[in-house]
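These are the residues of each chain, in order.
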Amino acid sequence: MLPLTLIAILSLGIVEGLDPYKGLLFSYYFYSFRKVKESYVVPILSSITYYMIGILIAVLLNISDNALTRGIMFFLLLAHMLIKLVMGKVLHYPGNMRPKILNVIQWSTLNSIIQMNVIVLLTLSILSKLSLILLPITVVIVRETTYCLSVKNNRILLNLTEYNFNYFYIITISLLSIVLILPLL
């Protein structure tokens, strides 16, 4: 795996893991209802279900790595970034707010579909099949670590909510787009 590809994957994983609206707030919500064990499972479960559909599609399609595929995926990533930039706050399914694990699964699966997560995972499958494992692992580690620190000091989670992670996400997807198209230039 090329170093630039690895940097793009890890950057995306860190941004996704730190985004409080992709599982961290729901974990803290579980914690506030005294469901401590479940609150520590939410970051893992939300990460797995968020990426599961995209990984399954990427593995089943097994897209070949050629110039045409890279070009198509590049333009799909550009469209994905534009949509995220314009409608980032709208692309979110709030779902049922009862602190139940089934709601976490429903919430993260539907958000994965709404946010067109499959485009990113198809791109990663072109770059490296290993990235389909590396991205979710990075997200789980960052999300779980951030949550554990937030339980000790809830100011961390409050500070994270002040940032618009859609912009950070767009920057990391831009890096992924560059890595994807670079061999064609």
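Just so you know, these numbers come straight off a predicted model, no measurement behind them.

S.K.: In this structure, what is going on with the overall build of the chain? I would like to understand it.
M.R.: Each helix and strand counted, the chain has nine helices and zero strands in total. In the chain, the succession of α and β elements from N to C terminus is α-α-α-α-α-α-α-α-α. Computed over C-alpha atoms, the radius of gyration of the chain comes to 16 Å, within 12% of the 16 Å expected from 2.2 N^0.38 for 185 residues, which places it in the range of a compact globule. Reported as C-alpha extents along the three principal axes, the dimensions of the chain are approximately 55 × 30 × 30 Å. Looking at the 185 residues of the chain, the share that counts as buried comes to 46%. The long-range fraction of contacts in the chain, counting pairs at least 24 apart against all pairs at least 6 apart in sequence, stands at 83%. In the form shown here, the chain has an accessible surface area of approximately 9,400 Å², with 73% of it arising from carbon and sulfur atoms. Between the averaged position of the 13 positive side-chain charges in the chain and that of its 6 negative side-chain charges there is a distance of 7 Å.

S.K.: Could you clarify how one ought to interpret the packing of helix H2 (residues 24-32) against helix H3 (residues 36-61) in this entry?
M.R.: The description of two packed helices rests on the angle between their axes and on the distance between the axes. At their nearest, the axes of H2 and H3 sit 7 Å apart, and the two run at 175° to each other. The pairing of H2 with H3 is recorded here as roughly antiparallel in orientation. From H2, Phe26, Ser27, Phe30 and Tyr31 reach across to H3, where they touch Val36, Glu38, Ser39, Val42 and Pro43. The residue makeup of the contact of H2 with H3, split by class, is six nonpolar, two polar and one charged.

S.K.: Looking at this model, I keep getting lost on helix H9 (residues 165-181). Mind explaining?
M.R.: Quick reminder: α-helices carry 3.6 residues per turn. Residues three or four places apart thus point the same way. Along its 17 residues, H9 runs 24 Å from first to last C-alpha, staying within 8% of the 24 Å computed at 1.5 Å per residue. Of all the residues in H9, the buried ones are Phe165, Asn166, Tyr169, Ile170, Thr172, Ile173, Leu176, Ser177, Val179, Leu180 and Ile181. Elements in contact with the buried residues of H9: helix H1 (3-18), helix H4 (67-87), helix H6 (117-127) and helix H8 (155-160). Where H9 begins, the capping side chain belongs to Asn164, and its oxygen is found 3.0 Å from the backbone nitrogen of Asn166.

S.K.: Hey, could you run me through the environment of Ser131 in this one?
M.R.: Note that Ser131 resides in helix H7 (residues 131-152). For the pair Ser131 and Val118, spaced 13 residues apart in sequence, the C-alpha separation works out to 14 Å.

S.K.: What's the story with the side chain of Arg70 in this structure? I'm lost.
M.R.: Its place among the elements puts Arg70 in helix H4. Within the structure, the side chain of Arg70 is placed 2.6 Å from the side chain of Asp65, a separation counted as a polar contact. Once residues within four sequence positions are removed from consideration, Arg70 is found in contact with Asp65, Ile126, Leu127, Val179, Leu180, Ile181, Pro183 and Leu184.

S.K.: Teacher, can you tell me more about the UniProt feature "transmembrane region" (unreviewed entry) in the chain here?
M.R.: Mapped onto the present numbering, the UniProt feature "transmembrane region" (unreviewed entry) falls on residues 41-61, 73-93, 113-142 and 163-184. Taken end to end, residues 73-93 comprises 71% helix and 0% strand; its first and last C-alpha atoms sit 25 Å apart.

S.K.: Just to check I follow, could you spell out H3 for this structure?
M.R.: The first and last C-alpha atoms of H3 sit 39 Å apart over 26 residues, in line with the 38 Å expected at 1.5 Å per residue. Along its length, H3 shows its largest kink, about 40°, at Met52. Of the positions making up H3, those classed as buried are Ser39, Val42, Pro43, Leu45, Ser46, Ser47, Thr49, Tyr50, Tyr51, Gly54 and Ala58. Buried residues in H3 make contact with H1, H2, helix H5 (101-114), H6 and H7. Once H3 finishes, Asn62 follows within two positions and takes phi at roughly 45°, a positive value.

Conventions and cut-offs
Residues numbered from 1 in each chain as written. Predicted model: local features only at pLDDT ≥ 70, side-chain atom pairs only at ≥ 80, totals over all residues. Heavy atoms only, no water. Helix = DSSP H or I, 4+ residues; strand = E, 2+ residues; numbered from the N terminus. Rg over C-alpha atoms; globule rule 2.2 N^0.38 Å. Buried < 20%, exposed > 50% of the residue type's maximum accessible area, 1.4 Å probe, protein only. Contact = heavy atoms within 4.5 Å. Areas by Shrake-Rupley, 256 points an atom, 1.4 Å probe, with all protein chains shown as cover. Lys, Arg positive; Asp, Glu negative; His and termini not counted. Charge placed at Lys NZ, Arg CZ, Asp CG, Glu CD. Axes fitted to C-alpha atoms, helices over the stretch in contact; angles between N-to-C directions. Parallel < 35°, antiparallel > 145°, perpendicular 65-115°, else oblique. Nonpolar A, V, L, I, M, F, W, Y, C, P; charged D, E, K, R; others polar. Expected span 1.5 Å × (residues − 1). Polar contact = N/O pair within 3.5 Å; in protein donor to acceptor, adjacent residues only side chain to side chain. UniProt positions renumbered as here; feature names shortened; annotations may be inferred. Bend = angle between axes of the 7 residues up to and from the residue.

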